[in-house]
Amino acid sequence: MELGQSKQIAKIGLLSALGVLAIAVFRIPGPGGNVYFHLGEVVIITSAILTGKRSGAFIGAVSSAIADILLGAALWAPFSLVIHGAEGYIIGAIADGKGGRRDFLAAAAGVLVMAVGYTLTAGLLYGAAVMPVEFIGDTLQGGLGLMLSAAFLKTLLLRFPDLKEKARP
């Protein structure tokens, strides 16, 4: 294994761990106690923009599924694996990693996929009555994650301009 590959694997592992922390530690309980808002979207969006579709998919999938298991929501883990994995893949596939309009549109597309995926899953698990509430909550969480990620990404790219060229394989 080359040094470059080792660094990429380490970066993906660290971002995945950061994603778990952003979900598990930085969460706000929602109505009913079983729903919560978290900052995992910020890590998933930022990571996918900076690392591309394959790494973005892995980071989104693994971090959200592990967080679900650790937080006692193992029922949701397989769904989170697929939904957040798809979100990371779509963002990474569309984004160019330069912090501009294309990255914002990529993040918006990924957030939409996430919100629709969780809405359909909630409908499957709990019935159609919960779908509007799920969609609104996920859209708000994703929108907040998108805004915070945009600010975070802008700061990162100002501080580390070489990320624009070096981050994406």
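Scroll up for the structure.
Heads up: these notes are all about the structure in this document. (Residues numbered from 1 in each chain as written. Predicted model: local features only at pLDDT ≥ 70, side-chain atom pairs only at ≥ 80, totals over all residues. Heavy atoms only, no water.)

## A few points about the overall build of the chain
Across its full length, the chain holds seven helices and two strands. Written out in order from the N terminus, the α and β elements of the chain read α-β-β-α-α-α-α-α-α. The C-alpha atoms of the chain give 15 Å as radius of gyration, which agrees with the globular expectation for 169 residues (15 Å, within 12%). C-alpha atoms of the chain, sized along the principal axes, occupy 50 × 35 × 25 Å. Split into buried and exposed, the 169 residues of the chain put 43% on the buried side. The contacts of the chain with a sequence gap of at least 6 include a subset with a gap of at least 24, amounting to 64%. Approximately 9,200 Å² of the chain is accessible, and the part contributed by carbon and sulfur atoms is 72%. Computed over 13 positive and 10 negative side-chain charges, the inter-centroid distance for the chain is 9 Å. (Helix = DSSP H or I, 4+ residues; strand = E, 2+ residues; numbered from the N terminus. Rg over C-alpha atoms; globule rule 2.2 N^0.38 Å. Buried < 20%, exposed > 50% of the residue type's maximum accessible area, 1.4 Å probe, protein only. Contact = heavy atoms within 4.5 Å. Areas by Shrake-Rupley, 256 points an atom, 1.4 Å probe, with all protein chains shown as cover. Lys, Arg positive; Asp, Glu negative; His and termini not counted. Charge placed at Lys NZ, Arg CZ, Asp CG, Glu CD.)

## Some thoughts on the nonpolar core
Among soluble globular proteins, nonpolar side chains are generally buried collectively. In this structure, Ile45, Ile49 and Ile91 are the most contacted members of the largest nonpolar core, which totals 19 residues. In terms of residue count, the dominant contributor to this core is helix 5 (residues 101-126) (six residues). With residues near it in sequence (within four places) discarded, Ile91 still touches Ile45, Ala48, Ile49, Ala106, Ala107 and Gly110. (Core = buried A, V, L, I, M, F, W, Y, C linked by side-chain atoms within 4.5 Å.)

## Things to note about the environment of Leu39
Here Leu39 lies in the loop between strand 2 (36-38) and helix 2 (40-51). With residues near it in sequence (within four places) discarded, Leu39 still touches Ala22, Phe26 and Leu148.

## Side note on the packing of aromatic side chains
Scanning the model with the defined rule gives three aromatic pairs in all. Centroid distance Trp76 to Phe79: 6.3 Å. Interplanar angle 65 degrees. Geometry classified as edge-to-face. Through a chain of ring-to-ring contacts, the aromatic side chains of Trp76, Phe79, Tyr118 and Tyr126 assemble into a single cluster. (Phe/Tyr/Trp six-rings, centres within 6.5 Å; stacked < 30°, edge-to-face > 60°.)

## Examining the packing of helix 1 (residues 3-24) against helix 2
Packing of helix 1 against helix 2 leaves a shortest axis separation of 7 Å and a crossing angle of 160 degrees. The angle between the axes of helix 1 and helix 2 places the two elements in the roughly antiparallel class. As for how helix 1 packs across helix 2, the hand of that crossing is left-handed. From helix 1, Lys11, Leu15, Leu18, Gly19, Ala22 and Ile23 reach across to helix 2, where they touch Gly40, Val43, Ser47 and Thr51. Of the residues contributing to the contact of helix 1 with helix 2, the split by class is five nonpolar, four polar and one charged. (Axes fitted to C-alpha atoms, helices over the stretch in contact; angles between N-to-C directions. Parallel < 35°, antiparallel > 145°, perpendicular 65-115°, else oblique. Left-handed = near helix turned anticlockwise from the far one by under 90°. Nonpolar A, V, L, I, M, F, W, Y, C, P; charged D, E, K, R; others polar.)

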